[in-house]
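# Coordinate analysis (summary)
Residues per chain, in single letters:
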Amino acid sequence: MSEGKKNVALWDAASRQVYKRLLGYSARYWPVILISMIGFALDGGALAYFTSKLQPIMDKLLEQKDPYLIRWMPLWIIGIFLVRGVAILISNYGMGYVSRNVVQSMQRDVFAAYLRLPASFFGSEHSGHQISRITYTSEQIAGASTDALKVTVTESITVIGMFAVMLYKSVYLTMALLILVPAIVLIASAVSRRYRTVSRRIQGMMGSVTGTVEEAVKAHREVRIYGGQQQADEHFKQVSDRARYLNLKIVATSAISGSSTQTVASLALAGMVYLASRPSQIDHISPGVFIAVLTAMGGMLSSLKRLTNVQSTMQTGIAAAENLFAILDMPPEVDSGTQVLERTKGDLRFEQVGLIYPRDHFEALRGVDLRCAPGTVTALVGRSGSGKSSLVSLLPRFNEPTSGRILLDGEDYTSYTLASLRHQIAWVGQNVVLFDGTVAENIAYGELAGASEQDIIAAAEAAHAMEFIAKLPDGIHGQIGEGGNRLSGGQRQRIAIARAILKNAPILVLDEATSALDTESERLIQQALQHLMRDRTTLVIAHRLSTIEHADQIAVMDQGRIVEQGTHGELLALDGQYAALHRMQFHQSGD
Ligand SMILES: Nc1ncnc2c1ncn2[C@@H]1O[C@H](COP(=O)(O)OP(=O)(O)OP(=O)(O)O)[C@@H](O)[C@H]1O
Ligand SMILES: [Mg+2]
């Protein structure tokens, strides 16, 4: 029973809540909205005034040949339409202004959320969805936040007005509405629910469409080399077919809603005629009253039709807002620490640290104990997938340990503020990420943006990047293209290393930082880094063991555990995994 009641209600409580919140965005521009509304009222008013005066004026003008009117009438007409023209111009621009601003605020809010959400969020869905939220979903709220609001307000007023007219003219004939109203409410509620569900699915589909394009564009080389064109084409066709199908569902819903409203309207009109022609009534109802009620009903019907039509914009907007608000409401990165870390001594301890990735409950780390003393170099080696990157990803809190704890300078590292903790860390990751811009902008990125040209060049020199930068037409002010696509893999790595050098942070993490370099460059950078590592705590991950022989300690990882630990000499003497690995590489390079 209560279920039935809920279904009859046009909107459920949750949608009302979402819509209210969305209107909060429009409400910030209330003066503009007010002016627009006044403009719309002025437009409608001027037209109504003109229409109502038309007949008496015509009589005076054409029959009495009033000389005053003959002179002023043409100007009058121009005047009234000028008022209407200006009013409608201001109103339309005002509404457009509000809706564009609302869309932009929403886009900025979602983007800001992307900047503060934890790293785990980005692995939780395809990046296509993240992009399409900004490019597609945000756009969907434009109509709902303004135009639909306008239609709802003005048409509701019309409906109420027409209803009043009908009641005033004949309560008896107004009973015909008893058929109309419940039927229209039923149609509108069914239709709006359908719009909402389909819109949600369209959003998801648009995410997939974006994702598919993104993949094919990014992987354009793989697509060509491996002849993936047909597969990519198929895949795109599938998702775009689905999007078209869903969009057509919206069209169908709208068409059905239009014609069923029409049918219901004819029932109501027939009902009215039936009521009027009852033998007991037929003598009491004058043609004038009948025509007046009929006209009022006609006006009400067209308003009701517009109100049902606007549901599609409204519900699409609500479904979109729902999706966007869900992102805005996600908890940001945990940053409960209060201590501001100035400059850490670099005393780092992992105590029984475990990590289970939430996505597939994969246990990547199982009770890792590791002490990195200030100013020492710790090398992590081990098979691919043994958990090396996972372990260092805990340091800047990209992932939170599921068990155990990490101490920095003797204190739990979560007691420091996130920003001050990350401030201590320079990082060269396994996948170098560069930004569209100049070499200098890439080296002095983010907080480093104020660095002097001298310092940037010094960092580039230490990273042995200056040799190729100098050859660029504009030197360090040369553009490197999107993602650094005008540079070679090794050149990109050297820019990333220069960035880390410039940061001059007390903790340095190098995750395969030199893997793309030739042996000669690698050796040179190693020397530079050696110099850099002297007074900081360094964690190095490397597959080429020759680069880590001089590390203060080497930890060998296997399946999320540290299985051997010691210096190069100690581990060779132990004759375990490390010694085996070393033998293998030594033989390889000896060949
Ligand atoms: N975000 C993630 N969600 C689920 N599992 C993950 C995630 N990242 C890594 N893993 C898994 O955790 C394990 C350890 O990964 P990790 O990247 O730490 O290995 P690694 O030692 O750095 O390997 P490599 O030498 O190849 O870089 C792997 O088996 C990997 O499949
Ligand atoms: Mg790794």
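For the structure itself, consult the block above.
Quick caveat, the model's predicted, so the values are computed rather than measured.

### Quick notes on the overall build of the chain
For the chain, the count of helices and strands is 22 helices and ten strands. At 35 Å, the chain has a C-alpha radius of gyration far larger than the 25 Å of a compact globule built from 591 residues. Each of the three principal axes of the chain carries a C-alpha extent, and together these read 115 × 65 × 55 Å. Scored against the burial criterion, the 591 residues of the chain give a buried share of 45%. Long-range contacts, defined as pairs at least 24 residues apart, comprise 77% of the intrachain contacts of the chain with a sequence gap of at least 6. A total of about 30900 Å² of accessible surface is found on the chain, and carbon and sulfur atoms cover 60% of it.

### Quick look at the sheet that holds strand β5 (residues 411-412)
Hydrogen bonds along the backbone pair up the strands of a sheet, which may run parallel or antiparallel. The four strands lie next to each other as β2-β1-β4-β5, forming an open sheet whose pairing is antiparallel. Among the strands making up the open sheet, the edge pair consists of β2 (362-372) and β5.

### Some points on empty space enclosed by the protein
What the rule picks out here adds up to two cavities of 30 Å³ or more. Within this model, the largest cavity holds a volume of roughly 70 Å³. Along its surface, the largest cavity is lined by L510, E512, A513, T514, E522, Q526, L529, V540, I541, A542, T547 and I548. For the lining of the largest cavity, the secondary structure elements donating two or more residues are α20 (519-533) and β8 (537-541). Tallied by class, residues from the lining of the largest cavity come to seven nonpolar, three polar and two charged. Counted as a void, the second largest cavity has a volume near 40 Å³. Elements supplying a minimum of two residues to the lining of the second largest cavity: α3 (30-63) and α4 (67-116). Within the lining of the second largest cavity, the residues separate by chemical class into seven nonpolar, no polar and one charged.

### Quick word on the coordination of the magnesium ion (ligand 2)
Taken together, the protein ligands of the magnesium ion (ligand 2) are S389 (OG) and Q430 (OE1), with distances of 1.9 to 2.5 Å. Of the two residues, S389 sits in helix α14 (residues 388-393) while Q430 sits in the loop between β6 (425-428) and α16 (439-443), which places them 41 residues apart along the sequence. S389 gets classed as partly exposed once you look at its relative accessible area, which sits at 28%.

### Observations regarding the packing of helix α2 (residues 13-27) against helix α13 (residues 287-328)
In the contact formed by α2 and α13, the axes pass within 9 Å of each other and the chain directions differ by 80 degrees. Here α13 runs roughly perpendicular to α2, going by the angle between their axes. Residues S15, V18, Y19, R21, L22 and Y25 of α2 pack against M314, G317, I318, A321, E322, F325 and L328 of α13. Along the lines of polarity and charge, the residues of the contact of α2 with α13 split into nine nonpolar, two polar and two charged.

### Let's talk about the site of ligand 1
Near ligand 1 you find 14 residues, and of these S384, G385, S389, S390 and Q430 are the closest. Between ligand 1 and S386, the relevant distance is 3.2 Å, taken from an oxygen atom to a main-chain nitrogen or oxygen of the residue. Take S390: an N or O atom from its side chain is 2.5 Å from an oxygen atom of ligand 1. Summarising the interface, the protein chains cover 69% of the accessible area of ligand 1, which totals 640 Å² for the free molecule. Ranked by residues supplied to the shell around ligand 1, first place goes to α14 with three residues.

### Section: unusual backbone geometry
Here the phi dihedral of N504 falls at roughly 50 degrees; this positive angle occurs in a residue that is not glycine. Here N504 shows up in the loop between α19 (489-503) and β7 (507-511). The phi angle at Q559 is positive, at roughly 45 degrees, despite the residue not being glycine. In this fold, Q559 is placed in the loop between β9 (553-558) and β10 (561-566).

### Regarding the pattern of salt bridges
A full pass over the atoms with the stated rule returns 20 salt bridges. The closest approach of N and O atoms between R196 and D12, which form a salt bridge, is 3.1 Å. Remark: D12 occurs in the loop between α1 (2-8) and α2 and R196 occurs in helix α10 (residues 177-218); sequence separation between them is 184 residues. For D12, a relative accessible area of 32% gives the class partly exposed. By sharing partners, the salt bridges in this structure join K237, D241 and R244 into a single network.

### Some points on the pairing of β8
Counting buried positions along β8 yields five of five residues, so the element is predominantly enclosed. Covered by surrounding structure in β8 are T537, L539 and I541 together with T538 and V540, the residues of both alternating faces. Direction of pairing for strand β3 (residues 377-382) relative to β8: parallel, over a ladder of four bridges. The partner of L380 across the bridge, within β8, is I541. The β-α-β motif built from β7, the intervening α20 and the parallel element β8 has right-handed crossover chirality.

### Observations concerning the packing of α4 against helix α6 (residues 127-135)
Packed helix pairs are specified by the crossing angle of their axes together with the interaxial distance, meaning the distance between the axes. At a minimum axis distance of 9 Å, the contact between α4 and α6 shows a crossing angle of 155 degrees. Overall, the two elements α4 and α6 adopt an arrangement that is roughly antiparallel. Here Q107, V110, F111 and Y114 of α4 lie close against α6, whose contacting residues are H129, Q130, R133 and I134. Among the residues making up the contact of α4 with α6, the classes are represented as four nonpolar, three polar and one charged.

### Things to note about the packing of aromatic side chains
Within the structure shown, the criterion is met by eight aromatic pairs. On the basis of an interplanar angle of 70 degrees and a centroid distance of 5.6 Å, the ring pair of F398 and W427 is categorised as edge-to-face. With F398 in the loop between α14 and β4 (403-408) and W427 in strand β6, the pair connects residues that are 29 residues apart, well separated along the chain. Linked through ring pairs, Y29, Y93 and Y97 together constitute an aromatic cluster.

### Some details on the sheet that holds β3
Strand order across the open sheet formed by six strands is β6-β7-β8-β3-β9-β10, with mixed pairing between neighbours. If you trace the sheet from one side to the other, it starts and ends with β6 and β10, each paired once. Averaged over all adjacent pairs, the angle separating strand axes in this sheet is 15 degrees, with direction ignored. In this sheet, β8 lies alongside β7 in parallel orientation, the contact comprising five bridges. When the bridges of β8 are listed, V509 appears paired with L539. Where α20 meets the sheet, it contacts β3, β7 and β8, and its direction lies at approximately 155 degrees from that of β7.

Criteria and cut-off values
- Residues numbered from 1 in each chain as written.
- Chains lettered and ligands numbered in written order.
- Predicted model: local features only at pLDDT ≥ 70, side-chain atom pairs only at ≥ 80, totals over all residues.
- Heavy atoms only, no water.
- Helix = DSSP H or I, 4+ residues; strand = E, 2+ residues; numbered from the N terminus.
- Rg over C-alpha atoms; globule rule 2.2 N^0.38 Å.
- Buried < 20%, exposed > 50% of the residue type's maximum accessible area, 1.4 Å probe, protein only.
- Contact = heavy atoms within 4.5 Å.
- Areas by Shrake-Rupley, 256 points an atom, 1.4 Å probe, with all protein chains shown as cover.
- Pairing = 2+ DSSP bridges.
- 1 Å grid on protein atoms, 1.4 Å probe; cavity = no way out; pocket = protein on both sides within 12 Å on 5 of 7 lines; lining within 4 Å.
- Points joined across faces, edges and corners; volume = space filled by probe spheres on them.
- Nonpolar A, V, L, I, M, F, W, Y, C, P; charged D, E, K, R; others polar.
- Donors = N, O, S within 2.8 Å, 3.2 Å for Na, K, Ca; no water.
- Axes fitted to C-alpha atoms, helices over the stretch in contact; angles between N-to-C directions.
- Parallel < 35°, antiparallel > 145°, perpendicular 65-115°, else oblique.
- Near = heavy atom within 4 Å.
- Polar contact = N/O pair within 3.5 Å; in protein donor to acceptor, adjacent residues only side chain to side chain.
- Salt bridge = Lys/Arg side-chain N within 4 Å of Asp/Glu carboxyl O.
- Right-handed = clockwise from strand over helix to strand, strands pointing away.
- Phe/Tyr/Trp six-rings, centres within 6.5 Å; stacked < 30°, edge-to-face > 60°.

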